[in-house]
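Per-entry structural report
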Amino acid sequence: YGGVNLSPEAVKDWHGKWDLIITYPVEVPPDEAEIEHESRAVKHKFEQMRARHHQRLIFIRRMKKCGLIVVKQKSMDESFVMLKITANHKTFEREAARQKIDLPLKDPRQREHLSLKQLIADVGYANFDGTNYHLFTSIDPRFFRSMDRQRLIMSILRGKKWNDGCEIDFEREIKKKVFTSVYPLHTRQGQTYLLDNWLSQHYHQFRQPENTIRDYFGEKLAFYFSYIGFYTHWLTFLAIPGCITFIICFFGKDVGSLDLDHDVTIFYGIYISLWASLFLEGWKRKQVVLAFGFCSI
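Cut-off values and rules
- Residues numbered from 1 in each chain as written.
- Predicted model: local features only at pLDDT ≥ 70, side-chain atom pairs only at ≥ 80, totals over all residues.
- Heavy atoms only, no water.
- Buried < 20%, exposed > 50% of the residue type's maximum accessible area, 1.4 Å probe, protein only.
- Helix = DSSP H or I, 4+ residues; strand = E, 2+ residues; numbered from the N terminus.
- Contact = heavy atoms within 4.5 Å.
- Phe/Tyr/Trp six-rings, centres within 6.5 Å; stacked < 30°, edge-to-face > 60°.
- Axes fitted to C-alpha atoms, helices over the stretch in contact; angles between N-to-C directions.
- Parallel < 35°, antiparallel > 145°, perpendicular 65-115°, else oblique.
- Nonpolar A, V, L, I, M, F, W, Y, C, P; charged D, E, K, R; others polar.
- Salt bridge = Lys/Arg side-chain N within 4 Å of Asp/Glu carboxyl O.
- pLDDT = per-residue confidence, 0-100.
- 1 Å grid on protein atoms, 1.4 Å probe; cavity = no way out; pocket = protein on both sides within 12 Å on 5 of 7 lines; lining within 4 Å.
- Points joined across faces, edges and corners; volume = space filled by probe spheres on them.
- Disulfide = S-S within 2.5 Å.

**Some words on helix 3 (residues 89–99)**
The complete set of buried residues in helix 3 reads T91, F92, E93, E95, A96 and A97. Where helix 3 is buried, its residues meet strand 3 (80–87) and helix 4 (146–158). Taken from the residues just after helix 3, K100 is the one with a positive phi, measuring 55°.

**Remarks on the packing of aromatic side chains**
The full count for this structure, using the stated rule, is 17 aromatic pairs. Ring geometry for Y216 versus F217: centroids 4.9 Å apart, planes at 85°, classification edge-to-face. With a centroid separation of 6.4 Å and an interplanar angle of 20°, the aromatic rings of Y268 and Y271 are classed as stacked. In this pair, Y268 and Y271 both sit in helix 9 (residues 264–293), three residues apart, roughly one turn of the helix. For Y271, a relative accessible area of 31% translates into the label partly exposed.

**Topic: the environment of W198**
Structurally, W198 can be placed in the loop between helix 6 (188–197) and helix 7 (210–217). Residues W198 and I213, 15 residues apart in the sequence, show an inter-C-alpha distance of 8.7 Å.

**Some thoughts on the packing of helix 3 against helix 4**
Following both chains from N to C, one finds helix 3 and helix 4 inclined at 80°, their axes separated by 10 Å at the closest point. As judged from the angle between their axes, helix 3 and helix 4 are roughly perpendicular. Residue-level contacts link T91, F92, R94, E95, A96, R98 and Q99 of helix 3 to R149, L152, I153, S155 and I156 of helix 4. Its residues assigned to classes, the contact of helix 3 with helix 4 shows five nonpolar, three polar and four charged.

**Considerations on the pattern of salt bridges**
Summed over the entire model, instances satisfying the criterion amount to ten salt bridges. Ionic pairing is found between R149 and D19, a salt bridge with its closest N-O pair at 2.7 Å. Within this pair, whereas R149 is found in helix 4, its partner D19 is found in the loop between helix 1 (8–14) and strand 1 (20–25), the two being separated by 130 residues in sequence. The exposure class of R149 is buried, given its relative accessible area of 1%. For E281, the salt bridge goes to K284, with nearest N and O atoms at 3.5 Å. One end of the pair is E281 and the other is K284, both in helix 9 and three residues apart, which spans about a single turn. Judged by its relative accessible area of 45%, E281 is partly exposed.

**Section: the confidence of the model for the protein**
With 73% of its residues at a pLDDT of at least 70, the protein reaches an overall mean of 78. Averaged over each element, pLDDT in the protein is lowest for strand 5 (residues 119–120) (44) and highest for helix 5 (residues 170–175) (93). With pLDDT under 50 throughout, residues 1–15 is counted as low confidence; its partners more than four residues away or in other chains account for 32 contacts.

**Things to note about the layout of surface pockets**
When its volume is computed, the second largest pocket comes out at roughly 340 Å³. Lining the second largest pocket are 14 residues, with M147, Q150, P184, Y216 and F217 sitting closest to its centre. Mapped onto the lining of the second largest pocket, the elements with two or more residues apiece are helix 4, strand 7 (181–184) and helix 7. Broken down by element, the lining of the second largest pocket gets its largest block of residues, six residues, from helix 4. The residue makeup of the lining of the second largest pocket, split by class, is nine nonpolar, three polar and two charged.

**Considerations on the state of the cysteines**
Scanning all chains against the criterion turns up zero disulfides. The closest cysteine sulfur to the non-disulfide-bonded C66 is located on C166, 3.6 Å from its own sulfur. Classification of C66 by relative accessible area gives buried; the value is 9%.

In structure tokens, the structure reads:
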């Protein structure tokens, strides 16, 4: 868990209950009387520590004010503090409606009950508006997928204060050592589903469950693994003629020596050119289909 040493009980408690954590080192700012006789450098160091501590308190108050649920927990060695973050359904619903995120419909025939602004292409998805959640399907008991909850929380954390956000610039705050890291958490249900439907040895190595990957990791990783599967599949059409070409060249003029000047290499070079063109055109079509299905066009 991000290099933080957690007890087994804490890990068990986190699965499915919390969506995001923010870590920072344990720092106890001293009182003025304790550093009264210290050097200027030491005083400056403690002032910075006190400023970071104060900034963290401000951010935590903002999080709670924005409707986030925040709980502190120390690591086993008590060197780090974790802010476990999630939100109630009302907060997720409000932010999802503001962003108009796309969700899969229970029945594509329900499209006729939605307005044109709510519909997304013709792929069984529609915009969530805060009142039509009964139209959507979800395998997660909390309705919103883990990926969606994490995105919504990050949107609240990064959002402007005037737009019900916490206005936290994590890159800047990590550089100032206010926070150490911020990262999402896995869910036990999602991990088990991926193990059974993707990483299982019985699953076909050339096929990738794009929708499953997209629902858990997001569109970018779904595109990546879809490309890996597509590329691996097409390599078989290159490997078989390549092996034949190698055998012909190996048993060419002199048995036991590799003859790279054999006439067959010319035809193999032409074949590679045709293969590359067909591969690129095939992937262009594939990624357009994926983008349409993921509502990313």
